[in-house]
Amino acid sequence: MLKEILSISGKPGLQKLISNSSNALIVESLIDGKRFPAYSNAKIIALEDISIYTETEDMPLKDVFKRMYNKEGGHQTLSHKESNDKITSYFSEIVPEYDKDRVYTSDMKKIIQWYNLLVSKNLLNFEE
């Protein structure tokens, strides 16, 4: 599910992997649907490879999304533009065990923004 959804530094939102060419990945923006090449010098990471720090072991982003999905009944959640207090309070409900020293509000905002984008595009599926 998340292995074809990419975060590329310097590019807004998320990109979906379309194909591989010899010197670049062809990706499509989930925001506007435009396709473009992503070269190996860009910092590209699949959402599947992202996890957040907790007090015990790292939690895969997929598990965070699943908790959000279950809490919201499969719908979008609050906006990533809410106040830092609201964001932190919401994230504490979803992942109470997150590491308060290493997970920043900016990380939470990005996770919420990604979640809402994926839900709006119907790209979250936990039936595996």
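Owing to the predicted nature of the structure, the values given are computational and were not obtained by experimental measurement. The residue count restarts for each chain, going from 1 along the sequence in the order it is written. For a predicted model such as this one, the threshold for reporting local features is a pLDDT of at least 70, and the threshold for listing and counting side-chain atom pairs is 80 or more; totals across whole chains, interfaces and linings nevertheless cover every residue. Processing note: side-chain calculations cover all non-hydrogen atoms of the structure and skip hydrogens and water entirely.

A.B. asks: Could you give an account of the nonpolar core, naming the residues involved and the relevant values?
C.D. replies: Grouping buried Ala, Val, Leu, Ile, Met, Phe, Trp, Tyr and Cys residues that are joined through side-chain atoms within 4.5 Å yields what is termed a nonpolar core. Three exposure classes are used, based on accessible area relative to the maximum for each residue type with a 1.4 Å probe and protein chains only: buried under 20%, partly exposed in between, and exposed over 50%. Leu47, Val64, Phe65, Met68, Phe91 and Leu118 are the most contacted members of the largest nonpolar core, which totals 30 residues. Elements with a contribution of two residues or more to this core: α1 (61-71), α2 (84-94) and α3 (105-120). It is α3 that provides the largest number of residues to this core, a total of eight residues. Every residue in contact with phenylalanine 91, bar those within four places of it in the chain, is listed here: Ile52, Val64, Pro96, Tyr98, Val103, Met108 and Ile111. Counting residues in each nonpolar core, the second largest holds seven residues, with Leu6, Leu25, Ala38 and Ala46 among its members. Each helix is a run of DSSP H or I of at least 4 residues and each strand a run of E of at least 2, with the numbering of both proceeding from the N terminus. Any two residues having at least one pair of non-hydrogen atoms within 4.5 Å are treated as being in contact.

A.B. asks: Which residues make up the environment of aspartate 107, and what values go with them?
C.D. replies: Looking at the element boundaries, aspartate 107 is found in helix α3. Residue aspartate 107 is classed as partly exposed on the basis of its relative accessible area, which comes to 32%.

A.B. asks: Go over the packing of aromatic side chains, please, and point to the residues and values.
C.D. replies: Pairing of aromatic side chains requires ring centres within 6.5 Å, counting the rings of Phe and Tyr and the six-membered ring of Trp. Pairs whose planes differ by under 30 degrees are stacked, by over 60 edge-to-face, and all others tilted. Per the stated rule, a full pass over the model turns up three aromatic pairs. Between phenylalanine 65 and tyrosine 115, the aromatic rings sit 6.1 Å apart at their centres with planes inclined by 45°, giving tilted as the arrangement. Pair noted here: phenylalanine 65 is in helix α1 and tyrosine 115 is in helix α3, with a separation of 50 residues, a long-range link. Residue classification places phenylalanine 65 among the buried residues on the basis of a relative accessible area of 0%. Looking at tyrosine 115, the relative accessible area reads 0%, which means it is buried. A ring pair is formed by tyrosine 69 and phenylalanine 126, whose centres lie 5.1 Å apart and whose planes are at 65°; its orientation type is edge-to-face. Separated by 57 residues along the polypeptide, tyrosine 69 in helix α1 and phenylalanine 126 in the segment after α3 bring together distant segments of the chain.

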